[in-house]
Every structure is written in C-alpha cells, then in structure tokens.
Amino acid sequence: MKFFSGFCLSNEKDVFKEYLEDNEFVVAGFSKGAQDAVDYAINSNNRIDKLQLLSPAFFNYSKKLVDINLNAFKKDKRKYIDTFLSKAGLIKENDKWRFENYYLDVNYNCNEEELLSLFTFDWEKIKKIKDIKIEIFLGEYDKIIALKKAEEFFSNFGEIYFIKKANHFLRS
C-alpha cells in the first residue's frame, strides 16, 4: 500500500490500521494526504484497485478565511500547527503529540505554499479517476473539514464510511 501523510505529519499510518487495506494495489491518504493520494491516482501508471481517503481535507473557505489562516501560519507556524492538531483531536504530552497509544511525528517542516494548496485543492479532478474503487472515511465530529459539504460531494464518487462520534483522526 502507498500511504500519504497529513499536513505537517509523518508516520501516522498506524493510527488508521483498522480502516486501511494493506494491499499493494491500494493508495491511501489522511487529510492533506488524501489530496496527494488523489493526485497520485490520477497521474500514476501503476495498477490501483482502491483509493482510501481518510478525513480528506475538504474545505469551503472564502479567500478571506484562507488569508487569515495563512497569516496566522506565517506569524507563528508552530502555534498554528499545534492549534490545528489539538482541534483535530490530539493531546500534547511531554512535547509530543499523542493519540491513544501512538505518538505522531509532527515535523513542522511544512510551509506556507503547502498550506495554501491544502485550502485551495481542486477536488473536482477526482472525476478523472476511472475504474478505481474509492472509499471515503469521515468522522461525525470532525472540526477540521467542511463535513456536510464533504459528505455531499464525495457521495458522488465512492462509498462513504461515516464513523460515529469520531474526530478528524477518526477516533471518539
């Protein structure tokens, strides 16, 4: 399986092991990584049978809201990311981000251009994906994405698994 990590994250794949299908013909991504997984599926010549999108970063932000986020990121990147992760459902413990039994690698190596692309991703290009089964996993209490709009949009392209009482990391 090819897995794409979320914005400013790495090695969080294990957090989602109960949802992921470990098969060489599966491509998966979490949050921003779901956007990267879609781009990969569109541009790859490799065989892909299934695309798994975990809490895909689907936003419905105005330019003003995007600018506010970019300015906050520029002002204090670490604080911005820490606030995002806290809102997404993680707990900081001993200066490490912890989720259940997992510690996530938050590398803070992300940049403003990546954040802008996160908010302005053109999800319409998912229409280019043919002959690949698409699974979308959404958390009922996800405070990060435009949940209702995401559910409405993705229902046209694949099977949606709506995880009850779950946050952005698909945990309650």
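Look up a bit, the structure's there.
Residues numbered from 1 in each chain as written. Predicted model: local features only at pLDDT ≥ 70, side-chain atom pairs only at ≥ 80, totals over all residues. Heavy atoms only, no water.

The next subject is the packing of helix 2 (residues 63-75) against helix 3 (residues 77-88). Following both chains from N to C, one finds helix 2 and helix 3 inclined at 120°, their axes separated by 5 Å at the closest point. If you check the angle between helix 2 and helix 3, you find them oblique. Contacts between helix 2 and helix 3 involve N69, A72, F73 and K75 from the former and K77, Y80 and I81 from the latter. Its residues assigned to classes, the contact of helix 2 with helix 3 shows 4 nonpolar, 1 polar and 2 charged. (Axes fitted to C-alpha atoms, helices over the stretch in contact; angles between N-to-C directions. Helix = DSSP H or I, 4+ residues; strand = E, 2+ residues; numbered from the N terminus. Parallel < 35°, antiparallel > 145°, perpendicular 65-115°, else oblique. Contact = heavy atoms within 4.5 Å. Nonpolar A, V, L, I, M, F, W, Y, C, P; charged D, E, K, R; others polar.)

A word on the layout of surface pockets. By volume, the largest pocket is sized at about 230 Å³. Considering the residues around the largest pocket, the lining is formed by 13 residues, among which Y61, N69, Y80, F84 and K87 are closest to the centre. Counting residues per element, the ones that place at least two in the lining of the largest pocket are helix 3 and helix 4 (112-120). The leading source of residues in the lining of the largest pocket is helix 3, at 4 residues. (1 Å grid on protein atoms, 1.4 Å probe; cavity = no way out; pocket = protein on both sides within 12 Å on 5 of 7 lines; lining within 4 Å. Points joined across faces, edges and corners; volume = space filled by probe spheres on them.)

As a further point, take the environment of E24. Looking at the secondary structure, you find E24 in the loop between strand 2 (9-10) and strand 3 (26-30). Taking the C-alpha atoms as reference points, E24 and M1, 23 residues apart in sequence, are found 4.5 Å from one another.

The next point concerns the state of the cysteines. Counting across every chain of the model gives 1 disulfide. Paired through a disulfide, C8 and C110 show a sulfur-sulfur distance of 1.4 Å. Looking down the S-S bond of the C8 and C110 bridge, the torsion is 70°, so its handedness is right-handed. Of the two residues, C8 is situated in the loop between strand 1 (2-4) and strand 2 and C110 in the loop between strand 7 (102-106) and helix 4; the sequence distance between them amounts to 102 residues. In this structure C8 comes out as buried when scored by relative accessible area, which is 5%. (Disulfide = S-S within 2.5 Å. Buried < 20%, exposed > 50% of the residue type's maximum accessible area, 1.4 Å probe, protein only.)

Core analysis: the biggest nonpolar cluster contains 57 residues, and F16, L51 and L53 have the highest contact counts within it. With residues up to four places along the chain from it excluded, the contact list for L53 reads G29, A34, A37, V38, W123, I126, I134, E135, I136, F137 and F154. (Core = buried A, V, L, I, M, F, W, Y, C linked by side-chain atoms within 4.5 Å.)

For the structure shown, the criterion picks out 11 salt bridges. What you see here is one network of salt bridges that share partners, running through E21, K50, K133, E135 and E159. (Salt bridge = Lys/Arg side-chain N within 4 Å of Asp/Glu carboxyl O.)

It is worth spelling out the packing of aromatic side chains at this point. In total, this model carries 18 aromatic pairs according to the counting rule given. When the centroid spacing of 5.6 Å and the interplanar angle of 65° are considered together, the rings of F58 and F154 count as edge-to-face. Of this pair, F58 sits in the loop between strand 4 (50-54) and helix 2 while F154 sits in helix 5 (residues 147-154), and the two are 96 residues apart along the sequence. Neither F58 nor F154 differs from the other in exposure class; each is buried. Among the aromatic residues, those joined into a cluster by ring pairs are F58, F121, W123, F153, F154 and F157. The positively charged end of K2 is found above the aromatic ring belonging to Y40, 5.4 Å away from the centroid. (Phe/Tyr/Trp six-rings, centres within 6.5 Å; stacked < 30°, edge-to-face > 60°. Lys NZ or Arg CZ within 6 Å of the ring centre and 35° of its normal.)

What follows deals with helix 4. Every α-helix winds through 3.6 residues per turn, so residues three or four apart in the chain are directed the same way. Taken residue by residue, helix 4 has L115, L118 and F119 as its buried positions. In an axial view of helix 4, the angular spread of the buried residues amounts to 90°, which keeps them on one side of the axis. Considering only its buried residues, helix 4 is in contact with helix 1 (32-43), helix 2 and helix 3. Between a side-chain oxygen at the N-terminus of helix 4 and the backbone nitrogen of E113 the separation is 3.0 Å; the capping residue is N111. (Arc of directions from axis to C-beta. Polar contact = N/O pair within 3.5 Å; in protein donor to acceptor, adjacent residues only side chain to side chain.)

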